[in-house]
Amino acid sequence: MSDTYDLVVIGSGPGGYVCAIKAAQLGLKVACVEKRKTYGGTCLNVGCIPSKALLHASERFHEAGHQLADLGIKVSPELDLPTMMGHKDKTVKSNVDGIAYLFKKNKVTGVVGTGKITGKGTVEVTKDDGSTETLETKNIVIATGSEVAGIPGVEVQFDADTIVSSDEAIALSQVPGEMVIVGGGVIGLELGSVWSRLGAKVTVVEYLDKVLGPMDAEVSTAFQKLLVKQGFTFKLGAKVTAVSKDGDKGSVTFEPAKGGEAETLSADVVLVATGRKPYTAGLGLESAGVELDDRGRVHIDEHFRTNVGGIYAIGDVVRGAMLAHKAEDEGVALAEILAGQSGHVNYDAIPSVVYTAPEVASVGKTEEELKKAGIDYKVGKFPFMANGRARAMLATDGFVKMLTDAKTDKLLGCHILGAGAGDLIVEAALVMEFGGSAEDVALTSHAHPSLSEAMREAAMAAAYGKPIHI
Ligand code: FAD
């Protein structure tokens, strides 16, 4: 039995570790329990960070072989996959070690083991060697994240190298000749980009008629066309009915979602990237009386409270976008609430980014959502083709699209396809956070020459009907 904590957080992903550190900074006595050997959750170990390390490295490889010659640089790149994977592993290690350091610095007690809620204010931790430790606490935060979801109605036998999830697709030991990806969402298209750039022939099988699900349709259509130019093949509106392994090949059978003849594709690697589901196994939620919603997520109110006093939940395990920064925002807000302050998350201004080349980024409402809600809106668009910096960088694909309230000019949404979109989107998120207008962006000085000038020009298009440079 240990001392009583103010807070025990179960799970050390971006939701859990950020909540633990922020609560400790606000003066609470905090422990964070993690069943992996390293802190950082899905994001740092097998998600955001390793995938971005591989996206960065594979983009440089592709650039060296395809674009540098146009800039007067002649090279003949040769792939050294073990070194590329080594770069990814080192990046992960420095990030997860960083969390252990931050726990120490902020006096958060890190406990490695599997946490289970065993009663009011008690968390039992089972260590690797089978021993247990009981933590007494005033409050418990469930931040246990998510796990790979399968394909509804289809049995999938994952293995290490042929039928894989994202966990294995970031660690393949050789470049597959052919790769079939089930699911045209963010994870599928990011990891598909990695392997396509390294030489794989990638086919994406997607149930919907468009890629990137809820993304603004104009952006997702333009993005898909660019991926086709990069060598991707798409089978849209396709319902997968079987995924199987035959010798050392995988195969995917699908039929038109609206009905029709089935087709089977065979590949060296099949990546199932159909999304993630909340992870609550072994947490003792049933005996603790914590309610789940109809999609298996821990049910919470607007202050992250479950139906049981003293138990809260944040991140992928609750409703909302499965994004690391959404989990972090909730972690900070909840820590503030537990410290007696008034934490809050503005769910209308959370950006989402696809780290492909070019990048895709979005915040706020899409055009389809505004139409559906019957909101009178204006569209301001500006192509990177007309941006001087983009031309200098040979990065002219894509555009910025701003959506504003037709009467008030308030920024309601921003969608970007283009180089640096993931960084540019923050400007729109900030303007939305302050309730600002397109004219606010148009009147703000933007450095020249920069990609950010496309943001200003799109804002001019929305506010005045006319940008300067087209
Ligand atoms: P997690 O990060 O899943 O952490 C939960 C932790 O809880 C895990 O470490 C788990 O081991 C631990 N745990 C579970 N049960 C117990 C228990 N009983 N006891 C102790 N510990 C337990 N998001 C982005 O915003 N940007 C990206 O670029 C991005 N890229 C991604 C790429 C991939 C390939 C994947 C798979 C995901 C990506 N995501 C990205 C999503 C992001 O990883 C998640 O949204 C984020 O990790 C959720 O954080 P979390 O704290 O809720 O949970």
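Provided above is the structure to which this section pertains.
Residue positions within a chain follow its written sequence, with the count starting from 1. Since the coordinates come from a predicted model, pLDDT governs what is reported: local features require at least 70, and pairs of side-chain atoms require 80 or more to be given and counted, while whole-chain, interface and lining totals use all residues. Note that the side-chain values use all heavy atoms of the structure and ignore hydrogens as well as water.

Draft legend 1. The arrangement of a nonpolar patch on the surface in detail. Patches here: salt-bridge-free residues with over 30% relative accessible area, like charges joined within 9 Å, nonpolar side chains (Val, Leu, Ile, Met, Phe, Trp, Tyr) joined within 5 Å. Where accessible areas are quoted, they stem from the Shrake-Rupley method and a 1.4 Å probe; at the residue level, only the protein chains shown are allowed to cover. Should a side-chain nitrogen of Lys or Arg be within 4 Å of a carboxyl oxygen of Asp or Glu, the pair is scored as a salt bridge. On the surface, L71, I73, V75 and L394 cluster together to form a nonpolar patch covering roughly 350 Å² of accessible area. Numbered from the N terminus, helices here are DSSP runs of H or I no shorter than four residues, and strands are runs of E no shorter than two. Within the fold, L394 resides in the loop between helix 11 (388–392) and strand 21 (399–405). For L394, a relative accessible area of 48% gives the class partly exposed. Exposed residues in this analysis have more than 50% of their type's maximum accessible area, buried residues have under 20%, and partly exposed residues fall in between, with area computed by a 1.4 Å probe over protein chains only.

Draft legend 2. Broad picture of the packing of helix 1 (residues 14–25) against helix 9 (residues 324–338). Interaxial distance between helix 1 and helix 9 falls to 7 Å at its minimum, and their mutual angle equals 30°. Taken together, the axis directions place helix 1 and helix 9 in an arrangement best described as roughly parallel. As for the relative orientation of helix 1 and helix 9, their crossing is right-handed in sense. Every residue of helix 9 that contacts helix 1 at P14, G15, V18, C19, K22 and A23 is listed here: A324, A327, E328, G331, V332, L334, A335 and E336. Per-class residue counts for the contact of helix 1 with helix 9 are 9 nonpolar, 2 polar and 3 charged. All axes here are fitted lines through C-alpha atoms, helices being fitted over the stretch that makes contact, and every angle between N-to-C directions spans 0 to 180 degrees. Orientation categories follow fixed angle ranges, with anything under 35 degrees roughly parallel, anything over 145 roughly antiparallel, 65 to 115 roughly perpendicular, and all other angles oblique. For any helix crossing, the convention is left-handed if the near helix is rotated counterclockwise from the far helix by under a right angle, and right-handed if that rotation is clockwise. The contact definition used throughout considers only heavy atoms, calling two residues in contact when any of these lie within 4.5 Å. All amino acids are sorted into three groups, where Ala, Val, Leu, Ile, Met, Phe, Trp, Tyr, Cys and Pro are nonpolar, Asp, Glu, Lys and Arg are charged, and the leftover types, Gly among them, are polar.

Draft legend 3. Examining the site of the ligand more closely. Distances are taken per atom, and a residue is near a molecule or strand as soon as one of its heavy atoms is within 4 Å of it. In the vicinity of the ligand there are 39 residues, among which E34, T42, K52, G115 and A324 approach most closely. Within 3.5 Å is the distance limit for a polar contact, defined as a pair of N or O atoms, with the added protein rule that one can donate a hydrogen and the other accept it, and that residues adjacent in sequence qualify only through two side-chain atoms. K52 has a polar side-chain atom sitting 2.7 Å from an oxygen atom of the ligand. Listed by contribution, the elements that provide at least two residues to the shell around the ligand are helix 1, strand 2 (30–34), helix 2 (41–46), helix 3 (48–66), strand 4 (114–119) and helix 9. No other element matches the 4 residues that helix 2 contributes to the shell around the ligand. Taken together, the residues of the shell around the ligand sort by class into 15 nonpolar, 18 polar and 6 charged.

Draft legend 4. Looking closely at the packing of helix 3 against helix 4 (residues 81–105). Orientation of helix 3 relative to helix 4, taken along the N-to-C sense of each, is 145°, at an axis distance of 9 Å. Remark: the crossing between helix 3 and helix 4 carries right-handed chirality. The segment helix 3 lies against helix 4, with I49, P50, A53, L54, A57, S58 and F61 engaging M84, M85, H87, K88, T91, V92 and N95. Taken together, the residues of the contact of helix 3 with helix 4 break down into 9 nonpolar, 4 polar and 1 charged.

Draft legend 5. Focus on the environment of Q157. As for its placement among the helices and strands, Q157 is situated in the loop between strand 7 (146–148) and strand 8 (163–164). In this structure the C-alpha to C-alpha distance between Q157 and M432, which are 275 residues apart in sequence, comes to 44 Å. A distance of 2.8 Å separates polar atoms of two side chains, one belonging to Q157 and the other to E155.

Draft legend 6. Geometry of the layout of surface pockets. When its volume is computed, the second largest pocket comes out at roughly 900 Å³. We place a 1 Å grid over just the protein atoms. Points where a 1.4 Å probe fits but has no way out form a cavity, open points with protein on both sides within 12 Å along at least 5 of 7 lines form a pocket, and any residue with an atom within 4 Å of a point lines it. Forming the boundary of the second largest pocket are 29 residues, of which E59, E63, Q67, A357 and P358 lie nearest the centre. Among the elements of the structure, helix 3, helix 6 (186–197) and helix 7 (217–229) are those that each provide at least two residues to the lining of the second largest pocket. By residue number, the principal contributor to the lining of the second largest pocket is helix 3, which donates 8 residues. Looking at side-chain class alone, the lining of the second largest pocket contains 11 nonpolar, 9 polar and 9 charged residues. Grid points are joined across faces, edges and corners, and a volume is the space filled by probe spheres set on the points.

Draft legend 7. Up close: the environment of R297. With respect to the helices and strands, R297 occurs in the loop between helix 8 (285–288) and strand 17 (311–313). For the pair formed by R297 and V240, sequence separation is 57 residues and the distance between their alpha carbons is 25 Å. When near neighbours in sequence (up to four residues on either side) are disregarded, R297 contacts P278, E291, L292, V317, V318, R319 and G320.

By themselves, these figures tell us nothing about what the structure is for.
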